Amino acid sequence: MNQATNLAPANPAERRLHNLFGWGLLTPSLILLTLFAFFPMLATLWASFFSRGTARRPSVFNGIDNYRDLLADPAFWQVVGNNLLYAGVTVPVSIALALGMALWANARIGGRGLVRTAFFTPTMLPMIAAANLWLFFYTPGLGLLDHITALFGIGPTNWLGQPGTALWSVMAVTIWKESGFFMIFYLAALQAIPPDLREAARIEGAGRWAYTRRVVLPLLMPTTLFVTINALINSVRLIDHLFILTKGGPDNASKLILYWIWEMAFAYLDQSGAAVMTVMVLAALGLIAALQFLFFDRRIHYR
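Here is a short report on the structure shown in this document. The residue numbers shown here count from 1 along each chain, following its written sequence. pLDDT decides what is reported in this predicted model: residues at 70 or higher carry local features, side-chain atom pairs at 80 or more are listed and counted, and totals for whole chains, interfaces and linings draw on all residues regardless. Side-chain measures were taken over the full set of non-hydrogen atoms in the model, leaving aside hydrogen atoms and water.

A look at the pattern of salt bridges
Right, on to step 1. Each salt bridge in this description consists of a side-chain nitrogen of Lys or Arg and a carboxyl oxygen of Asp or Glu lying within 4 Å of one another. Enumeration over the complete set of coordinates arrives at three salt bridges.
Right, on to step 2. Among the salt bridges present, the one from aspartate 65 reaches arginine 68, with a minimum N-O distance of 3.6 Å. A residue pair is termed a helical-turn pair when its members lie 3 or 4 positions apart in one helix, as aspartate 65 and arginine 68 do in helix H3 (residues 65-71) at three residues.
Right, on to step 3. Partly exposed residues are those whose accessible area sits between 20% and 50% of the maximum for their type, while under 20% is buried and over 50% is exposed, using a 1.4 Å probe and protein chains only. Aspartate 65 sits in the partly exposed class, given a relative accessible area of 34%. Each helix is a run of H or I in the DSSP string that is no shorter than four residues. Each strand is a run of E no shorter than two, and both are numbered from the N terminus.

Written as structure tokens, this is what we have:
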């Protein structure tokens, strides 16, 4: 306490100089955030209140009519349902696989380096390259999946061309691509756990499962919170593979929110509709993140 008191400015002039120095350090970040985050958000919010403009009919202020029209559109609810299902499957499955792979890669087994490389390799591929790779797997009659199902007497399947399988096929690509990325965070967190805790658990007679459930998983909660938030953001942000695999089809069966925003803005030139969707997505993500922090806060053990 005394040391902290001695480091504080002694008089008002020095205090003002100290504050000015701090604001000077923050200014570059504030400028970048204002130009590339705050201003675009406010501009998008303002644009969402105007009608779609054309060369002959300029846009006019509509208020919340754009939001009402969007909520009344059946395609909106179909895309939202697709994205909720997409997030509800890819987020927990990716996190569970990442945790399992991290526990395996952290164990004392032979060839740990090879195992870690194998798990992390999909992450290093660009999403476009990964989508093209899986496009070959899904090719009807020629792909790897149809060769495997043929062993069980199942005929060729158009995995990406059927409404019942298109979205699930896209989910498989996302899970395969993201699990290795999230594994790195869990692996780093596992290596930061002191070995003394394992020795203490052995002395107390705790088995491997009890040690994992009572010690490891609670200590991994900060990492789980970080990974969960990133996975939720990715469930809305990642659309690269849709351009290669399905383009949102068939019949909007695999269309996700961000792909629909891109389609409205650049394919249909409906800037106001895209702005409305963007505002709603930002609000939903902010609310989800806030709820996650409130929910996990009492269950997180920070070291």
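Here's the deal with a nonpolar patch on the surface
Right, on to step 1. Think of a patch as exposed residues, more than 30% relative accessible area, with no salt bridge, where like charges cluster within 9 Å and nonpolar side chains (Val, Leu, Ile, Met, Phe, Trp, Tyr) cluster within 5 Å. All accessibility values rest on the Shrake-Rupley procedure with a 1.4 Å probe; residue burial counts only the protein chains present in the view. On the surface, a cluster of nonpolar side chains totalling about 550 Å² of accessible area is made up of Leu144, Ile148, Leu151, Phe152 and Ile154.
Right, on to step 2. Mapped onto the fold, phenylalanine 152 is located in the loop between helix H7 (144-150) and helix H8 (166-191).

Notes on the nonpolar core
The nonpolar side chains of soluble globular proteins are, as a tendency, buried together.
Right, on to step 1. Counting 25 residues, the largest nonpolar core has Tyr186 and Leu220 as its most contacted members.
Right, on to step 2. Contributions of two or more residues to this core are made by helix H4 (74-106), helix H5 (112-124), H8, helix H10 (208-219) and helix H11 (221-237).
Right, on to step 3. Residue types Ala, Val, Leu, Ile, Met, Phe, Trp, Tyr and Cys, when buried and joined through side-chain atoms within 4.5 Å, form a set referred to as a nonpolar core. Residues Val170, Ile175, Leu238 and Tyr259 belong to the second largest nonpolar core, which totals 20 residues.

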